[in-house]
Structures are given as C-alpha cells and as structure tokens.
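Each chain, letter by letter, is given below.
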Amino acid sequence: MHPELSPTEELVNQGLEPIVLRALQRFRALLPSEVELALALTHEDPRVRAHADRLEQALLSVFIVAWHSMLGVATQVVVEMSEVLLDDVVLDLDADKLQGGLPPRRYARLVVSNSSQVTPGPFHTLVPAPALIDDRPASAHRLHLAQVRDIIAQHQGTMTVSPEPGRGTAFDIYLPTALPLETQAVSESGSEANHIIYVDDYEGMRSLVSDTLPDAGFRVTCYESGEEALSALHANPFGCDVVVTDYRLPNSSGIELLKQVKRLRADLPVIIISGYMNEALKSMANDHGAALVISKTHDLSELCIALHELLGHPPDPALVSYSSWGQL
C-alpha cells in the first residue's frame, strides 16, 4: 500500500488538467514512434483537491499499464477527460451514497483505453512527442496497481480496471471536483468566516463537506450525530451561523434536531438535506421552521449557493455557473 499523506502533503485545490498533461508528456516520451497517443478534453479544466506529484505518478502508471496491455492489439493509447454530475442514480439506502461507493456530487472522469476499445473521433487530438521533457527520467518505472488504487482513494476517488482478452486493459477513474476558490464569507461582526455546523452519520459526506465548504469561503465543523451537534451548540449557542443536517440520523432525525436547535436558538437557520426527497418531508421541515430543504443528490454547489444567499452574501457568478452545469 502507498503511505498515507503526511500533514505536510495536504491535498491542494488546483486544476486537474495540468497534472494530467504533465503525466501525458512524460508518458509520450516513453512511447515508440509507431504508437500514437490520442487525447480528448471535453470540458474546461476541472478543479480537484490533489497532491500533484503523487497523482501525476499514479496517472503515469495507469498510462503505462494501458500501453503494455495493448501491445500487438492496437496502435493508439486513448485518454479522455470529462466532467460528470452523478445525482440521478439509485442511492444505497443504508449508506446514503451512490452505488459503487461514490457520494453524489460532480466528478472529473478520466478514461484510459486504446483504439481497439474506442475509436478516436474529431474531438481527439494526437499528442506529439516532446522535443524536451523535464529533468525527471523518462523511464517505464511504474507503481503497482494496488498503490495506484490507494492514491486514488486518498483523493476520495475510485478506479475501475477492465481487462479484456485480446483488446487490452481499460481504466475508468473518478475524482471529486472542488469548487472554485472564493474569499472567506465573513460573519456579521466581520471578524471571521461564517461557521457552518454539518451533521451526517455518513463519513464520506462529512469528508466531502469539510473539503468543499472551506473552498466556498466558509468555516465548517462536522458531527456524526445530532447529540454531538447539540452538545457543541449548548456550549456555544452563538458560535454557529447555520446548521445543516441530514434527515436520517442515528437514533434520531434531522427534524428532531431542527426542533431542538429552535428551542435553543429560534433565530438560527437550519437546512435539512436528504437523499429521499418528497413533499411530506418538505412540509414537515417547513412546519418546524427549516430555512431550506435540499436534495442530497444534487451538486454540492447548490448547498454553497444556498448558504451564501441565506447569509446575505452577494452572488458569485463562477459558483452559479458551476452549479448550472447540472442542468445540462
């Protein structure tokens, strides 16, 4: 297994395309002249939270495996990068996540295959062999696939490996995208970023929210249960600007937490989120004073936009357009 990221190797919000292109440049230098590299980038550069060098090495290793697996079968390695919104899918009722282990959100998708598996079209371009590469050796050394999978997991993504006898091996990689970086959303006192409490028993969503909301300008504290969140609120009732809670909580519900919060601080906005939206839930939440009810299967930028609007911040055009991609 690849070692865990150390505190000095934090994931950084950055564009994915430069990482992919650096890995492709190194890979292209390894290929013989008779093998072509076809590339299709079908969206503007998505942002991800990444350790650039580690992710680059993982991708280079994937490219090498795809090339070695197609020897004598195909003459082109094909790499395609796009951005997808995974929301209109069946949720795992117990885990509140997409089947396959991915939380509902926007992802950068990287598909690596060869010309026997996919036919390059007009949106593919051939990557020329570089005249010069950087000072790292252009060697065919690669990580083991278990190490690559571990690195992808450290980036909260998934990788599917599909070997096909007589056609080579294809890879399908999903990496969660990050919101465009924003300035901090200040509280009414102007002293610090607005503090959001997020409550969800699913660790994947807590991790996702703790990564995304700071990029949108907020300070966030995540709790696994309503009891933990209430304990923090009792200790400091005015230390929070908005509570966001999943409807389904262990031993309780988001509605029950909403009622408890309103008894403590009637003016504190509470947003209910759920993967199982219906009119009965909306009506019940609104009757008990919820500020908003949001589907958990929508792009997380919808929550960020809602928080900015709820707290009276001016709209951010970049964030709005980011969310609107889900309407395509």
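Above this text sits the structure in question.
Along each chain, numbering runs from 1 in the same order as the chain's sequence is written. Given that this is a predicted model, residues contribute local features only at a pLDDT of at least 70 and side-chain atom pairs are listed and counted only at 80 or more, while totals for whole chains, interfaces and linings are drawn from all residues. Derived side-chain values reflect all non-hydrogen atoms in the structure, with water molecules and hydrogen atoms excluded from consideration.

### A word on the sheet that holds strand 12 (residues 219–223)
Rules: Strand pairing is assigned whenever DSSP identifies at least 2 bridges connecting the two strands. Only DSSP runs of H or I with at least four residues qualify as helices, and only runs of E with at least two residues qualify as strands; both kinds are numbered from the N terminus onward. For helices, the fitted line uses only the C-alpha atoms of the stretch in contact; every axis is such a line through C-alpha atoms, and the angle between N-to-C directions lies from 0 to 180 degrees.
With parallel pairing, five strands are arranged side by side in an open sheet as 12-11-13-16-17. In this open sheet, the two strands that pair with only one neighbour each are strand 12 and strand 17 (292–295). For this sheet, the mean inter-axis angle between neighbouring strands, taken without regard to orientation, is 20 degrees. Bridging between strand 11 (residues 195–199) and strand 12 involves five bridges; their strand directions are parallel.

### Describing the sheet that holds strand 7 (residues 105–114)
Note the cut-off: Every residue pair with non-hydrogen atoms within 4.5 Å of one another is taken to be in contact.
Sheet architecture is open: six strands sit in the order 8-2-4-7-10-9, paired in mixed fashion. Single-partner strands in this sheet number two, and they are strand 8 (125–126) and strand 9 (158–164). Sheet topology places strand 7 next to strand 10 (residues 168–176); six bridges connect them, and they run antiparallel. Note on strand 10: the bridge partner recorded for Leu110 is Ile173. Of the strands in this sheet, strand 4 (76–86), strand 7, strand 9 and strand 10 are in contact with helix 2 (residues 52–69), which crosses strand 10 at around 160 degrees.

### Let's talk about the packing of aromatic side chains
What counts is decided by this rule: Two aromatic rings from Phe, Tyr or Trp, using only the six-membered ring of Trp, form a pair when their centres are within 6.5 Å; if the ring planes differ by under 30 degrees the pair is stacked, by over 60 it is edge-to-face, and anything between is tilted. Each residue's exposure class comes from its accessible area (1.4 Å probe, protein chains only) as a fraction of the maximum for that residue type: buried when under 20%, exposed when over 50%, partly exposed otherwise.
Overall, the coordinates contain three aromatic pairs when judged by the stated rule. Here Phe27 and Phe63 contribute two aromatic rings whose centre-to-centre distance is 5.6 Å and whose plane-to-plane angle is 45 degrees, an arrangement assigned as tilted. Separated by 36 residues along the polypeptide, Phe27 in helix 1 (residues 17–30) and Phe63 in helix 2 bring together distant segments of the chain. The exposure class of Phe27 is buried, given its relative accessible area of 0%. Judged by centre distance (6.1 Å) and plane angle (85 degrees), the ring pair of Tyr107 and Tyr174 falls under edge-to-face. Of the two residues, Tyr107 is situated in strand 7 and Tyr174 in strand 10; the sequence distance between them amounts to 67 residues. This pair shows no difference in class: Tyr107 is buried, exactly as Tyr174 is.

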